[in-house]
Each structure stands twice: as C-alpha cells, then as structure tokens.
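What follows is the residue order along each chain.
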Amino acid sequence: FWHRKVQIILIVLIFMVIGVAYTACFVTPKYTSSTTLVLAAGKDSTLPTSITTTDVNLNSKLISTYREIATSDKVVRKVINNLGLDISDQVLKNSITVKVVADSEVIKISVTNRNSEIAAKIANELADVTAERVAYVMSSDKPKVVEEAVVPKYPSSPNTKKNTAMGGLAFAFVAA
C-alpha cells in the first residue's frame, strides 16, 4: 500500500470531487422548518403539586393523539386548501414529522420541502389547523403555538460534507 499511496490518494480525491459534483448537480436540496405547540391546560386549572404515574401515562396518550390528529386527512386537506398548494395529501403527509420535545407537553411539528418559504408556511398553517382540530375533537382548550416556524437559511439535506467524506472513504477501500 505504501508504494501506491499517491495513486490511492489521487483516486480518493477524484471520487470526493465526483461526490461533491453529484450532490451539487443532481440532489435537490430540502429545507425543514419547525413550529412548536404546547398542550393547553384549562383556563381555571392550576398546576398539580405532585405528578403521578397516571398523569404521565395520560399525557403520553394525549400527545400520541395530537400526533395522529396533526397528520389526519382532514387536517392535511385543510392545509392544502388554505394555502392553495398543488400537491397530494400523501406527499404532504410524508413531509410532516411530529415529535414530542424531551418528555414534555411541547409538540414539535416539522415540514420538509424543496422551497424554504413554503416549508415555513406549511408548518405555521399546519400548527394553526392542528390546534383548531385538536380543540374541536378533544373538546378542550386550543393548544398554544409556542414558536412559529421561520424560513430556514440552510438546507437540511443533502449533507455535502458527509456525502463527500463517505464517498472518499468508500473509494479509499476500493483503491486499496
């Protein structure tokens, strides 16, 4: 290997350049924008002085329910209609991610799209429509938007550095 180190390094560099060029030319960048909602407590409710296991289990079930409502057909169609989007329900559903923030009552809704502005608009509209739908379905107070989605400055994918490094390492073994 030592006698052919120049050839191996040259091949690795060539394929790293090819990896960068491929990523730049053929992979469409995608942007992810996120908004957060907090589960609404009743207007007259007070925080409990102690939390029981039942409270934790109920909270996790409610969050699962909120997740399902956020990606339901009715919510997705309303977002598409409100924004006048020209995409199918399934395409929009596939671009939505709903997660619980660190075992809290905060739900993070993320939307991935090729256009950063559209990703932010969809995320904000989805939060509003989800909050309305949750209030209606659960007969409860409307969840509050904690943080609105902003237009992302940088793409969430592809990761050019990672693709370049992986391409270089893979072809280092091939070259060796």
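Just so it is clear, the model here is predicted, and its values are computed rather than measured.

A. Layout of the overall build of the chain. Across its full length, the chain carries six helices and four strands. Listed by position from the N terminus, the elements making up the chain come as α-β-α-α-α-β-β-α-β-α. Taken over 176 residues, the chain has a buried fraction of 27%. The long-range share in the chain, meaning contacts at least 24 apart out of those at least 6 apart in sequence, stands at 75%. Of the roughly 11900 Å² of accessible surface on the chain, 58% is carried by carbon and sulfur atoms.

B. Fine view of the pattern of salt bridges. Scanning the model with the defined rule gives four salt bridges in all. Aspartate 89 is paired through a salt bridge with arginine 77; the nearest N and O atoms lie 3.0 Å apart. Here aspartate 89, found in helix α4 (residues 89–94), pairs with arginine 77, found in helix α3 (residues 73–83); they are 12 residues apart in sequence, far enough to count as distant. When its relative accessible area of 24% is taken as the criterion, aspartate 89 is described as partly exposed. When its relative accessible area of 41% is taken as the criterion, arginine 77 is described as partly exposed. Within this structure, Asp73, Arg77, Asp89 and Lys93 form a network of salt bridges that share partners.

C. Broad picture of the sheet that holds strand β1 (residues 31–38). If you trace the four strands from one edge of the open sheet to the other, you get β2-β3-β1-β4, paired in antiparallel fashion. Each edge of the open sheet carries a strand with a single partner, namely β2 (96–100) and β4 (144–147). Taken pair by pair, the neighbouring strands of this sheet meet at an average axis angle of 30 degrees, ignoring direction. Of the pairings in the sheet, the one linking β1 to β4 comprises three bridges and is antiparallel in character. In the strand pairing of β4, leucine 37 is matched with valine 145.

D. Local environment of the nonpolar core. Within the largest apolar cluster, 24 residues are counted, with the highest numbers of intra-cluster contacts made by Leu92, Ile96, Ile107, Ile109 and Leu126. At the level of secondary structure, the elements contributing two or more residues to this core comprise α2 (53–70), α3, β2, β3 (106–113) and α5 (116–138). At seven residues, the largest contribution of residues to this core is made by α5. If we skip the residues at most four places from it in the chain, leucine 126 touches Ala70, Val75, Val79, Ile96, Ile109 and Val111.

E. Summary view of the side chain of glutamate 125. Looking at the secondary structure, you find glutamate 125 in helix α5. One buried charged residue, glutamate 125, remains without a salt bridge, the closest side chain of opposite sign being lysine 78 at 6.9 Å.

F. Examining the confidence of the model for the chain more closely. For the chain, per-residue confidence averages 82 on the pLDDT scale, and residues scoring 70 or more make up 86% of the total. Note on residues 42–52: pLDDT under 50 across the span, and four contacts to partners over four residues away in sequence or across chains.

G. Region of interest: unusual backbone geometry. Between serine 157 and the following residue, proline 158, the backbone shows a cis peptide bond with an omega angle of 0 degrees. For proline 158, the position within the fold is in the loop between β4 and α6 (160–175). Backbone geometry at serine 139 places phi at a positive 50 degrees, although glycine is not the residue there. On the secondary structure map, serine 139 appears in the loop between α5 and β4. Judged by relative accessible area, serine 139 falls into the exposed class, the value being 68%.

Parameters at a glance
Residue numbers here run from 1 along each chain, matching the order of that chain's written sequence. Two thresholds apply to this predicted model, a pLDDT of at least 70 for residue-level local features and 80 or more for giving and counting side-chain atom pairs, whereas whole-chain, interface and lining totals are computed over all residues. Heavy atoms throughout the structure, all of them, feed into the side-chain values; hydrogens and water do not. Put simply, DSSP marks the helices as runs of H or I at least four residues long and the strands as runs of E at least two long, and each gets a number from the N terminus on. Exposure classes here rest on a 1.4 Å probe applied to the protein chains alone. A residue is buried below 20% of its type maximum, exposed above 50%, and partly exposed in between. Note on contacts: a residue pair is in contact if any heavy atoms of the two residues lie within 4.5 Å. Under the convention used here, a 1.4 Å probe and the Shrake-Rupley method define accessible areas, while residue burial counts only the protein chains that appear. By definition here, a salt bridge exists when the distance from a side-chain nitrogen of Lys or Arg to a carboxyl oxygen of Asp or Glu is within 4 Å. Whether two strands pair comes down to DSSP finding at least two bridges between them. Axis definition: a line fitted to C-alpha atoms, limited for helices to the stretch in contact. Angles are taken between N-to-C directions and run from 0 to 180 degrees. Note on terminology: a nonpolar core comprises buried Ala, Val, Leu, Ile, Met, Phe, Trp, Tyr and Cys residues joined through side-chain atoms within 4.5 Å. Counted as positive: Lys and Arg. Counted as negative: Asp and Glu. His and the chain ends are not counted at all. The quantity called pLDDT is the predictor's confidence in a given residue, expressed from 0 to 100.

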